[in-house]
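Secondary and tertiary structure notes
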Amino acid sequence: MILTITMNPSIDISYPLDDFKLDTVNRVKNVRKTAGGKGLNVTRILKQLDAEVVASGLIGGFLGEEIKKDLTSNYIAHDFLPISGETRNCIAVLHKGQQTEILESGPVISKEEAQAFLKHFEQLAARADILSFSGSLPEGLPVDFYSQMLQICQEKPVVLDCSGEALTEVLKGEVKPRLIKPNTEELAELLGRRISTDIEELKAALTDPIFTGIEWIVVSMGGDGAFAKHHKKFYLVTIPKIAVVNPVGSGDATVAGLTAAIEKGSSDEDVLKQGNALGMLNAQEATTGHVELANYQALFDQILVTEI
């Protein structure tokens, strides 16, 4: 079983408009509302892959109940810890090829709720074969909360997709995730210097002592593909050009593919090809966290993984 964790989920609301006017009324006809948050995007892709997956995290209030209803209606198993605060809304206004986002910060988590979740998580993690942690931590949780979770499930492989202080704290900790997936900007932030897509520069970056103990590092480079390190091997992932419809959630689809492939014990090449193929498929769809699997094999076969 794959356990996905979304500590700060949301209701994602999409408002497509031909023209977005300030300081007046904008009427929207085709509103889309979905259970959101990076971890839930991962979950939906895993479900499409027919993986056994359970979603967990923190959830509260009316919007939290709506998320659970959404997941249940899509036959996705879930076991969230209820909290006193209200789960957030995240609004995207789509206009003239642009996307304006209005993101609520979400609930403030109490110390009691944080401790309750760690106990809840311990029970769930015991049943999991592999775990995926995605996204930001809500206000109230300490920046080392992911590190505390890793201590609890230290015998299990964890795929971690987060950034900022939460990731920095994980890299300082004794227990490491199996895989991390920074993009080039996040990699530069971690190392405190600019990072280009030059192969030798990327090799040097991924051998920095800060990454000691991390088995897999997969650096996403958008349309340029990816660069990865597994143990002492380096790989360049070259992807075909595609028509991008909606890139939101493509990183989450990639995480889902990487996680499912690692769970199956796939080869390095297949791990990287599956992750990137699913990320590209998500980018070709208007709906975030959705892929057209009929197109999967054709894309998979066009991805080139070269050991450097």
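Residues numbered from 1 in each chain as written. Predicted model: local features only at pLDDT ≥ 70, side-chain atom pairs only at ≥ 80, totals over all residues. Heavy atoms only, no water.

Structural notes on the sheet that holds strand β3 (residues 32–36)
Taken together, the 4 strands give an open sheet; going across it, the order is β3-β2-β7-β8, and neighbouring strands pair in mixed fashion. Each edge of the sheet is formed by a strand with only one pairing partner; in this case those strands are β3 and β8 (98–103). Here the strands of the sheet are splayed against their neighbours by 20° on average, with no regard to which way each runs. Note that strand β2 (residues 10–17) and strand β7 (residues 88–95) share 8 bridges and pair parallel. The partner of Ile11 across the bridge, within β7, is Asn89. (Pairing = 2+ DSSP bridges. Helix = DSSP H or I, 4+ residues; strand = E, 2+ residues; numbered from the N terminus. Axes fitted to C-alpha atoms, helices over the stretch in contact; angles between N-to-C directions.)

Some remarks on the packing of helix α8 (residues 250–264) against helix α9 (residues 268–283)
Between α8 and α9, the least distance of the axes is 7 Å, while the angle of their chain directions is 150°. Between α8 and α9, the crossing angle belongs to the class labelled roughly antiparallel. In this structure, the crossing between α8 and α9 has a hand that is right-handed. Within the contact between the two elements, α8 uses Ser250, Ala253, Thr254, Gly257, Leu258, Ala260, Ala261 and Ile262 and α9 uses Asp270, Val271, Leu272, Gln274, Gly275, Asn276, Leu278, Gly279, Asn282 and Ala283. Here the contact of α8 with α9 is composed, by residue class, of 9 nonpolar, 8 polar and 1 charged. (Parallel < 35°, antiparallel > 145°, perpendicular 65-115°, else oblique. Left-handed = near helix turned anticlockwise from the far one by under 90°. Contact = heavy atoms within 4.5 Å. Nonpolar A, V, L, I, M, F, W, Y, C, P; charged D, E, K, R; others polar.)

Describing helix α6 (residues 184–191)
Most of α6 is tucked away: 6 of the 8 residues are buried. Along α6, the positions that sit buried rather than exposed are Thr184, Glu186, Leu187, Ala188, Leu190 and Leu191. Close packing links the buried residues of α6 with α5 (164–172), α7 (199–206) and β12 (216–220). Backbone geometry just downstream of α6 places Gly192 in the positive-phi region, at approximately 70°. (Buried < 20%, exposed > 50% of the residue type's maximum accessible area, 1.4 Å probe, protein only.)

Here we look at the packing of helix α3 (residues 111–125) against helix α4 (residues 145–152)
Geometrically, a packed helix pair is captured by the angle between its two axes and the distance between the axes. One way to put it is that α3 packs onto α4 with a least axis distance of 10 Å and a crossing angle of 30°. Considering how the two elements wind past one another, α3 and α4 form a crossing that is right-handed. Judged by residue contacts, Ala114, Phe117, Leu118, Phe121 and Glu122 of α3 engage Phe145, Gln148, Met149 and Ile152 from α4. Its residues assigned to classes, the contact of α3 with α4 shows 7 nonpolar, 1 polar and 1 charged.

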